[in-house]
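Tertiary structure, described
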Amino acid sequence: MRGCVPIEFHFNRTSNVSKIACQRKNIRTNKGRMQSSNHRLRDMEQHHPLLSATADVETGSLAAGVMVGGPHSGHTSANRTLWFIQDSCGMVCATMTWFLVLYADFVVNFVMLLPAKSFWYSVLNGATFNSLAVLALASHLRTMLTDPGAVPKGNATKEYMESLQLKPGEVIYKCPKCCSIKPERAHHCSICKRCIKKMDHHCPWVNNCVGEKNQRFFVLFTMYIALISAHALGLSGMHFFTCIKVQWNECSTFSPGVSVLLLIFLCLEAILFLTFTAVMFGTQIHSICNDETEIERLKNEKPTWERHVRWDGMKAVFGGPPSLLWCNPFTGLRLRRLLVLSHARRGGSEFSV
């Protein structure tokens, strides 16, 4: 499959009219300006950019809202709502994630905490576990429904490229799959069918890409899932230890056989989730501190951008100086009026992410 298509711009000094020529790898041109064929193909494969990632590639930011029904068709800013990827595998995985978290919440509350004899033990652990579970599910929703940094489709038009005011001989890259100008560090996702800025990877468990605009929520999601998994393991161990000393009928309102099966499945789930999310959380923090996405690391791409390492990288992803707001998945969430697609007069509410 071919990579990005390089485009070179030549400017006429007298008329100030730019002419666009799409170059192919077999065209011979000015060797001083153009790369060699092998070098150019390598850059295409690695998606080397010549357009700043911070430059807005469309009038109006996509962060204001994203289109209904996923990113598979173009929409104007007047009919944007939630970002959602219509991928069957991703939707199944996301549903399973919610089911497993709610299952853990059910077992912790109704099998272990409510039958406990100590009132404060039940209240403190119940408040802690349920709060973490709410934060985990909220982080999951924000990751899934937030535009990860998609480049607008079909922006590789003559008018737009003329407005970039590129220098003579400067080369930018056009994605042939979504017909968009690829900003720096952007990669095309075959599932989202869009080029994503600072794409780290596509995660089916959140049914979305992890990119420039939602990496923060993905990090929070992995952190809170790891915390509730560790908490559930600790509570399960305490419950087993307590029930060994007394009769199982006194430990739970469920029968001993049902209680044991529920607890065993919870422990297996907690071990798997804790291992996976702890490793993923550490990997994400390492990537943020080194300002290097997983794709860039796997492709061994040499940085051509100004790197923000350690605390500068954390501030760039989470926003502002260190504070408790970094752990808040509800930051920036608000309800507003929604213009319906078919009738502009009708209103509704949408999540602005």
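Residues numbered from 1 in each chain as written. Predicted model: local features only at pLDDT ≥ 70, side-chain atom pairs only at ≥ 80, totals over all residues. Heavy atoms only, no water.

Within an unreviewed UniProt entry, the label attached to the protein chain reads Palmitoyltransferase, and the organism entered is Menidia menidia. Turning to the protein chain, the UniProt record has this under Catalytic activity (unreviewed entry): "L-cysteinyl-[protein] + hexadecanoyl-CoA = S-hexadecanoyl-L-cysteinyl-[protein] + CoA". (UniProt positions renumbered as here; feature names shortened; annotations may be inferred.)

Let's shift gears to the pattern of salt bridges. Two side chains carrying opposite charge are able to pair once their charged atoms lie near each other. This structure, assessed with the given rule, holds 5 salt bridges. Across the salt bridge formed by Glu-296 and Arg-185, the nearest N and O atoms sit 2.8 Å from each other. Placement of Glu-296 in helix α7 (residues 294-298) and of Arg-185 in the loop between β6 (180-181) and β7 (186-189) is noted, with a sequence separation of 111 residues between them. Arg-185 matches Glu-296 in its accessibility class, with the two residues each being buried. Note that Asp-291 is salt-bridged to Lys-198, the shortest N-O span being 3.8 Å. Within this pair, whereas Asp-291 is found in the loop between α6 (256-290) and α7, its partner Lys-198 is found in the loop between β8 (194-197) and β9 (201-203), the two being separated by 93 residues in sequence. Note on accessibility: Asp-291 and Lys-198 belong to one class, buried. In this structure, a network of salt bridges that share partners links the residues Arg-185, Lys-198, Asp-291 and Glu-296. (Salt bridge = Lys/Arg side-chain N within 4 Å of Asp/Glu carboxyl O. Helix = DSSP H or I, 4+ residues; strand = E, 2+ residues; numbered from the N terminus. Buried < 20%, exposed > 50% of the residue type's maximum accessible area, 1.4 Å probe, protein only.)

Looking only at helix α8 (residues 311-318), the buried set comprises Gly-313, Met-314, Val-317 and Phe-318. Along the long axis of α8, the arc covered by the buried residues comes to 115 degrees, so they all point the same way. Away from its buried face, by an angle of more than 90 degrees, α8 presents the exposed residues Trp-311 and Ala-316. In this structure, the buried side of α8 is in contact with α5 (215-245) and α6. Just past α8, the residue Gly-319 takes up positive phi, approximately 85 degrees. (Arc of directions from axis to C-beta. Contact = heavy atoms within 4.5 Å.)

So, about the nonpolar core. Across soluble globular proteins, nonpolar side chains have a tendency to be buried as a group. Core analysis: the largest hydrophobic core is formed by 37 residues, its most contacted members being Val-107, Val-108, Met-112, Ile-225, Leu-266 and Phe-318. Those elements that place two or more of their residues in this core are α2 (88-113), α3 (119-145), α5, α6 and α8. The residues contacting Leu-266, other than those within four sequence positions of it, are Tyr-103, Ala-104, Val-107, Val-108, Met-112, Ala-232 and Ser-236. Core analysis: the second largest hydrophobic core is formed by 9 residues, Trp-83, Ile-85, Cys-189 and Ile-295 among them. (Core = buried A, V, L, I, M, F, W, Y, C linked by side-chain atoms within 4.5 Å.)

This part takes up a nonpolar patch on the surface. A surface patch of nonpolar side chains, amounting to about 360 Å² of accessible area, comprises Val-92, Met-96, Trp-205 and Phe-276. Tracing the backbone through its elements, the reader meets Val-92 in helix α2. Classification of Val-92 as partly exposed rests on a relative accessible area of 48%. (Patch = residues over 30% accessible without salt bridge, like charges linked within 9 Å, V, L, I, M, F, W, Y side chains within 5 Å. Areas by Shrake-Rupley, 256 points an atom, 1.4 Å probe, with all protein chains shown as cover.)

Next up on the list: the packing of aromatic side chains. This model, assessed by the stated rule, comprises 6 aromatic pairs. Here Phe-106 and Phe-254 contribute two aromatic rings whose centre-to-centre distance is 6.2 Å and whose plane-to-plane angle is 75 degrees, an arrangement assigned as edge-to-face. Of this pair, Phe-106 sits in helix α2 while Phe-254 sits in the loop between α5 and α6, and the two are 148 residues apart along the sequence. Residue classification places Phe-254 among the partly exposed positions, given a relative accessible area of 27%. Look at Phe-119 and Trp-120: their rings are 5.3 Å apart centre to centre, the planes differ by 75 degrees, and that puts the pair in the edge-to-face class. Trp-120 matches Phe-119 in its accessibility class, with the two residues each being exposed. Put simply, the rings of Phe-106, Phe-110 and Phe-254 pair up and form one aromatic cluster. (Phe/Tyr/Trp six-rings, centres within 6.5 Å; stacked < 30°, edge-to-face > 60°.)

With numbering matched to this structure, UniProt assigns "transmembrane region" (unreviewed entry) to residues 89-113, 119-138, 217-240 and 260-281. In the segment residues 119-138, helix accounts for 100% and strand for 0%; the C-alpha atoms at its two ends are 28 Å apart. Annotated as 100% helix and 0% strand, the span residues 260-281 places its first and last C-alpha atoms 31 Å apart.

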